[in-house]
Amino acid sequence: MDMDSFELGDLANPRCYTEPLDIGGCDPVLLRAQLRMMLLIRRVEEKIGDMLAAQKIPTPCHLGIGQEAIAVGVSEYLRPTDRVFGAHRSHAHFLALGGEVTALMAEILGRDAGCSRGMGGSMHLWGGSVGFFGSVPIVAGTVPLAVGAALAAKKDGESAVAVVYLGDGAAEEGSIHESLNLAAVWKLPVLFVCENNLFSSHMHISLRQPSNRVARYAEAHCIQAATVDGNDLVVVSRTSDDMVAAMRDGGGPRFLEVVTYRWRGHVGYREDNDVGVNRSTDLTLWKRRDPIRRLVDALTMAGGWDNHAFHAMDEAVKTEVEKAWQQAETAPYPPASALLDRVYAERH
Amino acid sequence: MQSGIDMARVNYGSAIREAFVYLLDRYPKVFVIGQGLWAKWYVGNSMTDLDKFYGTERIMDSPVSELACTGAAVGASLCGYRPIVVHPRMDFMLYAMDAIVNQAAKWSHMVGGQAHPAVTIRGIINRGGEQGAQHSQALHAWFAHIPGLRVVMPATPQDARDLLIASVLCDDPVLYLDDRWLYELEEDLPPVVECPLEQEGSRVVSRGDDVTLVGAGYSAWLCREAAAALQQRSISAEVIDLRVLNPLDVSTVIQSVEKTGRLCVVDGSWSSCGLAGEVIARVSETLSPRKLLGAPVRITLPDAPAPTSGFLEKLYYPTLDTIMETVARLVIREGVHAKAVD
Ligand SMILES: Cc1ncc(C[n+]2csc(CCOP(=O)(O)OP(=O)(O)O)c2C)c(N)n1
């Protein structure tokens, strides 16, 4: 048994992979659009963090600051007819598909204008029109659902695919392993995207699993897998593009493990809320593997892009975020009748 | 310091911790598995630093694997250990249903009473704070439905401590369900006296003549508060804390309703096929309708999952006011207690 293939190696070492991205052969226009989306996600989550700190948001929020490249890279080649599922840390998954910032903010504030009509909050997002089929906080809860969405797509004979984001912690739930097997044996078009940020709340992966490369589970189920730097937008985009294309062609499931790190605590706005775990040294190092900075540096080195351009983009994004927050804050709550009216499907 | 017994002031959360300390100190076969046991915020103050005192081999923080952890605890219990599995929220525990319902609950009966899984499964009820549908459930009635499972729900710091000890020392699988909304509740506790769980049951916690209020866990606390407030409106309520939901003993309730003629059951879960309905059914089966001055009532959650929006949450959970109004209506409607109207 080759145990090396069970380990992440340098991918888990924050001193590696800090250089500007290799953007050779990429479309600069697309890259800038992707940069803007990453920046939008970051500023939205920073705003949410600030509002959590100011106690303006009561609902628990899990921020994915530092992990933006994954959702942006994976979403690039998805279509609105695809079916994407998230988990508890899914703001980015929703936004990267084109989910509206105001709808996200309003949802987090429990307003009727929210993407789940104020019934779900940060942990239960829905965005049918952009192909976001739902996110939930029960760890691994959506993984078998995505397998079912892929089954439906296959029955329909469509080229649609299902995508599900899961964490390294989620890989410890039994249903993941059942899901991998089903997807493999029925050759279903589902992409498992494992955001391996090395932590499940306060627990480092070394305390929870015998080795740290989660894709080994997929390989054991005969699913083609790749483990890549999750803070490299270019690599994430290319790998998921290849995988999704193969799935659309009837190639069966794929497993994409993206190695990353979250900058904030497990839940809430603080960096240091993972009580019992001293992450501060690692966090400082991981911030040097910032997916946004590495793309900005690459664009700058390539020319036609500079600090000025970046700041102009950033200001526009911040204005958009502020506007969305203000709109959300003044939006009304769901009516009291929503409590009972939304339990079952309405009869028409 | 009554009657020379040393009393110590604790809250509900630290009372649970005292039970762990008591058990881990005295019973080497006790160990604990669960998520968040090495963190400070998962289970409130109920297990603080136990890993530091008893070591990580006895206080095992676990991967996110509810089913395997619970099943493993059941297995270890069949080999002489007394494991406690901790689920920081009941909702997460649903992944462990097979280990609890098919395995632990059935084992003794299935093997002719020759082996008993002496496992304690601690599920924490934690709701409110805009946590939403999957982080708010109180599913005690489900488990109380299952023969073979003992189900306990402590409403006071003393019960939080003593019922946990009794659960772990019991030879049967026990579901111990504590409630985060009670963690701040304080009480002076006497030293521990071990008491077999088999002998524990419902208890009258305050006397009254006009109406019988029944609850378990947080609902029992609500009932006590309501009784105190109702006194000011000259309504005298008798309060019964069920404490043990399976096997369920309603003899105290029946005796009480025989006296008051009125029954109001409060439950922080849903109505359908629930605990409140079960209590009312058993009273109705036993008492002649002539003893009742009014139809029994239940106060429960609306038939909907927990909403997230704080605005809807306020409408969702029964409060002291809900109970006061319901009881006042029950007492006044029947015209017996005219002085209740002020
Ligand atoms: C079934 C279940 N068990 C436990 C939890 C508590 N919990 C919420 S998120 C989380 C960590 C999950 O880690 P991972 O899947 O790696 O995702 P990450 O938080 O790193 O994004 C845990 C244990 C839960 N919500 N659901």
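Source: prediction; values computed, not measured.

Observations regarding the overall build of chain B
Moving on, step 1. Across its full length, chain B holds eleven helices and 14 strands.
Moving on, step 2. In summary, chain B has a C-alpha radius of gyration of 20 Å against a globular reference of 20 Å for 342 residues, a match within 12%.
Moving on, step 3. C-alpha extents for chain B along the principal axes are approximately 65 × 45 × 45 Å.
Moving on, step 4. Across the 342 residues in chain B, those meeting the buried criterion constitute 58%.
Moving on, step 5. Pairs at least 24 residues apart make up 82% of the contacts formed inside chain B by residues separated by at least 6 positions.
Moving on, step 6. Positive and negative charge centroids in chain B, built from 30 and 40 side chains respectively, lie 2 Å apart.

Some thoughts on the domain arrangement of chain B
Residue and element names in this part refer to chain B.
Moving on, step 1. For chain B, the domain assignment lists domain 1 (8-199) and domain 2 (203-334).
Moving on, step 2. The C-alpha-based centres of domain 1 and domain 2 are spaced at 26 Å.
Moving on, step 3. At the junction of the two partners, domain 1 supplies 31 residues and domain 2 supplies 28 residues.
Moving on, step 4. Here domain 1 meets domain 2 over a buried area of about 2,200 Å², counting both sides, of which 58% is carbon and sulfur.

Some words on the interface of chain B and chain A
Moving on, step 1. Taken together, the contact between chain B and chain A spans 33 residues of the former and 38 residues of the latter.
Moving on, step 2. For the pair chain B and chain A, the summed buried area comes to about 2,700 Å², and 66% of that belongs to carbon and sulfur atoms.
Moving on, step 3. Linking chain B to chain A there are zero salt bridges.
Moving on, step 4. Counting every contact that joins chain B to chain A gives twelve residue pairs in polar contact (both at pLDDT 80 or more).
Moving on, step 5. Here the side of chain B that touches chain A gets four residues from one element, more than from any other, and that element is helix α10 (residues 310-316) of chain B.
Moving on, step 6. Residue composition of the side of chain B that touches chain A, by class: 17 nonpolar, ten polar and six charged.

A word on the site of the ligand
Moving on, step 1. Around the ligand sit 22 residues in total, of which His88(A), Arg89(A), Pro137(A), Gly169(A) and Glu66(B) are the nearest.
Moving on, step 2. With respect to the ligand, the chains having nearby residues are chains A and B.
Moving on, step 3. Here Pro137(A) contributes a backbone N or O atom positioned 2.8 Å from a nitrogen atom of the ligand.
Moving on, step 4. Its residues placed into classes, the shell around the ligand shows nine nonpolar, nine polar and four charged.

Let's talk about the pattern of salt bridges
Moving on, step 1. The tally for this structure, following the rule as stated, stands at 35 salt bridges over all chains.
Moving on, step 2. Ionic pairing is found between Asp297(A) and Arg293(A), a salt bridge with its closest N-O pair at 2.6 Å. Of this pair, Asp297(A) and Arg293(A) both sit in helix α10 (residues 291-302), four residues apart, which is roughly one turn of the helix.
Moving on, step 3. Of the charged contacts in the structure, one is a salt bridge between Glu18(B) and Arg161(B), with a shortest N-O distance of 3.9 Å. In this pair, Glu18(B) is assigned in helix α1 (residues 12-26) and Arg161(B) in helix α6 (residues 157-169), connecting sequence segments 143 residues apart.
Moving on, step 4. Residue classification places Glu18(B) among the partly exposed positions, given a relative accessible area of 31%.
Moving on, step 5. Under the relative-accessibility criterion, Arg161(B) is labelled buried at 2%.

Overview of the packing of helix α1 (residues 28-53) of chain A against helix α4 (residues 101-108) of chain A
Residue and element names in this part refer to chain A.
Moving on, step 1. The contact between α1 and α4 brings their axes to 12 Å, and the two run at 25°. In terms of orientation, α1 and α4 fall into the roughly parallel class. Taken as a pair, α1 and α4 cross one another with a handedness that is right-handed. The residues of α4 that touch α1, namely those facing Leu40, Val44, Lys47 and Ile48, are Val101, Leu104, Met105 and Ile108.

Digging into the nonpolar core
Moving on, step 1. Among the nonpolar cores identified, the biggest contains 103 residues, and Val74(A) and Phe192(A) are the most heavily contacted of them.
Moving on, step 2. Ranked by residue count, the leading element in this core is α1(A), at ten residues.
Moving on, step 3. Setting aside chain neighbours within four positions, we find Phe192(A) in contact with Val143(A), Val147(A), Val164(A), Leu166(A), Ser179(A), Leu180(A), Ala183(A), Ile223(A), Pro253(A), Arg254(A), Phe255(A) and Leu256(A).
Moving on, step 4. Core analysis: the next-biggest nonpolar cluster, separate from the first, contains 60 residues, Ile165(B), Val239(B), Val266(B) and Ile323(B) among them.

Analysis parameters
- Residues numbered from 1 in each chain as written.
- Chains lettered and ligands numbered in written order.
- Predicted model: local features only at pLDDT ≥ 70, side-chain atom pairs only at ≥ 80, totals over all residues.
- Heavy atoms only, no water.
- Helix = DSSP H or I, 4+ residues; strand = E, 2+ residues; numbered from the N terminus.
- Rg over C-alpha atoms; globule rule 2.2 N^0.38 Å.
- Buried < 20%, exposed > 50% of the residue type's maximum accessible area, 1.4 Å probe, protein only.
- Contact = heavy atoms within 4.5 Å.
- Lys, Arg positive; Asp, Glu negative; His and termini not counted.
- Charge placed at Lys NZ, Arg CZ, Asp CG, Glu CD.
- Domains from an automatic or database assignment.
- Buried area = accessible area lost by both parts, 1.4 Å probe.
- Salt bridge = Lys/Arg side-chain N within 4 Å of Asp/Glu carboxyl O.
- Polar contact = N/O pair within 3.5 Å; in protein donor to acceptor, adjacent residues only side chain to side chain.
- Nonpolar A, V, L, I, M, F, W, Y, C, P; charged D, E, K, R; others polar.
- Near = heavy atom within 4 Å.
- Axes fitted to C-alpha atoms, helices over the stretch in contact; angles between N-to-C directions.
- Parallel < 35°, antiparallel > 145°, perpendicular 65-115°, else oblique.
- Left-handed = near helix turned anticlockwise from the far one by under 90°.
- Core = buried A, V, L, I, M, F, W, Y, C linked by side-chain atoms within 4.5 Å.

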